[in-house]
Amino acid sequence: MRMKSLAVLSATAILGAALGWAAAAASYQKTGTVKEVAPDSFTLDLGKEAWRFYTDGGTAGKEALKVGDKVTVTYKQVATKIEAKGAAKAPAKKK
C-alpha cells in the first residue's frame, strides 16, 4: 500500500512539473522602441505598428523604461474572461 501511494505521489509531482513547464514555455517576445510610458503601461513602436503593453507590480524592469529606449518585451497572452454566447445559427437553406 505504501509503495502504491509513493507511485501516485511521484506521478502527480511529475505531471505538475510538466504542466508548469508547458505554461512557462508559452511566452512571446517583441523588440522595438519605447514610444510612450505611463504608470501602468507603455507603448512599443514596432515599425509598421505600435503595441501597448500593460504592467503590474510583478513586471520586472518597468521602472527603467524611458521613451526612446530599444527594449525586448517578454509577454504571455492570457484570457481574463470568457463569456459564452451560444452556438451561431446556421443560415436557412433556400428552396
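Structure: above.
All of these numbers come straight from a predicted model, not from anything done at the bench.

Each value, and the rule that gives it
- Residues numbered from 1 in each chain as written.
- Predicted model: local features only at pLDDT ≥ 70, side-chain atom pairs only at ≥ 80, totals over all residues.
- Heavy atoms only, no water.
- Pairing = 2+ DSSP bridges.
- Helix = DSSP H or I, 4+ residues; strand = E, 2+ residues; numbered from the N terminus.
- Axes fitted to C-alpha atoms, helices over the stretch in contact; angles between N-to-C directions.
- 1 Å grid on protein atoms, 1.4 Å probe; cavity = no way out; pocket = protein on both sides within 12 Å on 5 of 7 lines; lining within 4 Å.
- Points joined across faces, edges and corners; volume = space filled by probe spheres on them.
- Nonpolar A, V, L, I, M, F, W, Y, C, P; charged D, E, K, R; others polar.
- Phe/Tyr/Trp six-rings, centres within 6.5 Å; stacked < 30°, edge-to-face > 60°.
- Buried < 20%, exposed > 50% of the residue type's maximum accessible area, 1.4 Å probe, protein only.

**Q** Where do I start with the sheet that holds strand β2 (residues 41-45) in this structure?
**A** Strand pairing in a sheet relies on backbone hydrogen bonds. The paired strands run either parallel or antiparallel. Spatial ordering of the open sheet is given by β3-β2-β1-β4, a layout of four strands whose pairing is antiparallel. The open sheet terminates on both sides in strands that have one partner only, identified here as β3 (50-54) and β4 (70-75). Direction aside, the axes of adjacent strands within the sheet are offset by 50° on average. As defined by bridge partners, strand β1 (residues 28-38) adjoins β4 across six bridges and the pair is classed as antiparallel. What sits directly across from Thr31, in β4, is Thr72.

**Q** Would you mind going over the layout of surface pockets with me for this structure?
**A** In this model, the largest pocket occupies a volume close to 490 Å³. Among the secondary structure elements, those contributing two or more residues to the lining of the largest pocket are β3 and β4. If one sorts the elements of the lining of the largest pocket by residue count, β4 sits on top with five residues. Taken together, the residues of the lining of the largest pocket break down into nine nonpolar, seven polar and four charged.

**Q** Sorry, what's going on with the packing of aromatic side chains here?
**A** This model, assessed by the stated rule, comprises five aromatic pairs. Here the aromatic rings of Tyr28 and Tyr75 are separated by 5.7 Å at their centres, their planes lie at 35°, and the arrangement is tilted. Separated by 47 residues along the polypeptide, Tyr28 in strand β1 and Tyr75 in strand β4 bring together distant segments of the chain. By relative accessible area, which is 41% here, Tyr28 ends up partly exposed. Considering the side-chain rings of Trp51 and Tyr75, the 5.9 Å spacing of their centres and the 70° angle between planes classify their relative orientation as edge-to-face. In this pair, Trp51 is assigned in strand β3 and Tyr75 in strand β4, connecting sequence segments 24 residues apart.

**Q** Looking at this structure, how should I read the pairing of β2?
**A** Two faces make up the sheet, and in a regular strand the side chains alternate between them. The element β2 is extensively covered by neighbouring structure, given that four of its five residues are classed as buried. In the sheet, β1 pairs with β2 via five bridges, with the strands oriented antiparallel. Of the residues in β2, the one forming a bridge with Thr33 is Asp45. Between β1 and β2, which pair antiparallel one after the other, the connecting turn spans two residues. Count of turn residues in the β2/β3 antiparallel hairpin: four residues, of which Gly47 carries a positive phi of about 100°.

Purely geometric numbers; function is a separate question.
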